[in-house]
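# Survey of secondary and tertiary structure
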Amino acid sequence: MGNELNIDEQLQEDRLDAKLRDEVPYIDDAGFTACVVQQLPSGRRQPRFARAAILLGVTLLASVIAYLITGGGAFLANAAEFLVAMPFASVCAIALLSGLLVTAVGTSAAVIKAR
Amino acid sequence: MALTDADLVARVLLDDDHHAFAELVRNHQSTVRGLLRQLTRTDAALADDLAQETFVRAYRNIRSFRGEAKFSTWLYRIAYNCFREEARKRKELVGIDETQLEAEHDPQTVDPALRHDLAQALQLLPLHERTAVLLCCQNGLSHDEASRVLEIPLGTVKTNVLRGREKLKKAMAAWATN
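Bear in mind that the values here come from a model prediction, so they are computed numbers and not experimental data.

Taken residue by residue, chain A gives an average pLDDT of 84. The fraction at 70 or more is 90%. By mean pLDDT, the top-scoring element of chain A is helix H2 (residues 32-39) of chain A (93), and the lowest-scoring one is helix H1 (residues 2-22) of chain A (74).

Moving on, we get to the packing of aromatic side chains. Remark: the centre distance and the inter-plane angle together describe each pair of aromatic rings, the angle taken between the planes. This structure, assessed with the given rule, holds six aromatic pairs over all chains. Taken together, a centroid distance of 5.9 Å and an interplanar angle of 70° make the contact between Phe32 of chain A and Phe55 of chain B edge-to-face. Taken together, the positions of Phe32 of chain A in helix H2 and Phe55 of chain B in helix H3 (residues 44-60) put the pair across two chains. Per residue, the accessibility class of Phe32 of chain A equals that of Phe55 of chain B, and both read buried. Measuring from ring centre to ring centre gives 5.1 Å for Phe21 of chain B and Tyr59 of chain B, while their planes differ by 70°; the resulting arrangement is edge-to-face. Here Tyr59 of chain B lies in helix H3 and Phe21 of chain B lies in helix H2 (residues 18-39), a separation of 38 residues in the sequence.

Residues and elements named next belong to chain B. Counting residues in each nonpolar core, the largest one holds 54 residues, and the members touching the most others are Phe21, Leu36 and Leu168. Looking at this core, the element that brings in the most residues is helix H4 (residues 71-90), giving ten residues. Inspection of this core shows a minimum of three residues originating in each of domain 1 (5-90) and domain 2 (98-177). Excluding anything up to four places from it in sequence, Leu36 contacts Ala47, Leu50, Ala51, Thr54, Ala79 and Phe83.

What counts, and where the lines are drawn
Here the residue numbering is sequential within each chain, running from 1 through the sequence in written order. Chain letters and ligand numbers both follow the written order, the letters beginning at A and the numbers at 1. Owing to the predicted nature of the model, reporting of local features is limited to residues with pLDDT of at least 70; listing and counting of side-chain atom pairs is limited to 80 or more, with chain, interface and lining totals taken over all residues. Calculated side-chain values reflect all of the structure's heavy atoms, with hydrogen atoms and water omitted. Scored from 0 to 100, pLDDT reflects the predictor's confidence in each residue. Here a strand is any run of E in DSSP of at least two residues, a helix any run of H or I of at least four, and the numbering for each starts at the N terminus. Pairing of aromatic side chains requires ring centres within 6.5 Å, counting the rings of Phe and Tyr and the six-membered ring of Trp. Pairs whose planes differ by under 30 degrees are stacked, by over 60 edge-to-face, and all others tilted. Whether a residue is buried, partly exposed or exposed follows from its accessible area with a 1.4 Å probe, protein chains only, as a fraction of its type maximum: under 20%, in between, or over 50%, in that order. Residues enter a nonpolar core if they are buried and are Ala, Val, Leu, Ile, Met, Phe, Trp, Tyr or Cys, with the set joined through side-chain atoms within 4.5 Å. Where each domain begins and ends follows an automated or database-derived domain assignment. Contacts were defined at the residue level, with two residues in contact if any of their heavy atoms lie within 4.5 Å.

Written out as structure tokens, the structure is:
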């Protein structure tokens, strides 16, 4: 008897919920979205190309400053000489370690960003 | 293929893409405006103003949307906050009281010219019960989601839904016998 009452009540509630959902009319947009978009604040951030240009500019400037400070890039010639003089196995090991380091940093950055 | 809410939110976050946000507005405007119309007791102009405010706030604060809840649930929360602030300004936060509801059930006071339907019965509920019923029964939110939208305990949401439903059933039954 009690169970029948519960089932009946549940049915009544389901019917009421269904009726409530049916009562919701679809409200036509009628310019509402356009009105909202007009009110949105614009240009919080620079466009992508501007950011890329700034990054490139700063990198070039830093390179020029480093070149001038280190006496016309003498350190590059020194480093090249050092590398040429190194045994082939050592050069391969350095290249491998550098590759692994870059991969590890890139992977951890990607994981952090995905969270 | 239509983009999901998550895709559109990502585009807004990445590029401040107004077109993507417009798509989100188009997808959700009807439910948000519908909810606000019910909360403001069918004052469509006020409801639409609040809905606009809701979407503008959503755009400004989209970085705080972490995707833990559905985008629509997050929007409902903003919409409800907008409504609460407006109601506080207008000092209309208190809904129609219980005695008024009882009077509506009294056949002696029933105006035959009134359209006695579910929508009207909803308007007779006190605000806290009406809001809970609208969110859970009409918009399909779980009790847990509704408690987050309304920022009230889960038990209170369940009680409000239960009482609201009971009152609706009584009102409908009373009108059916007249």
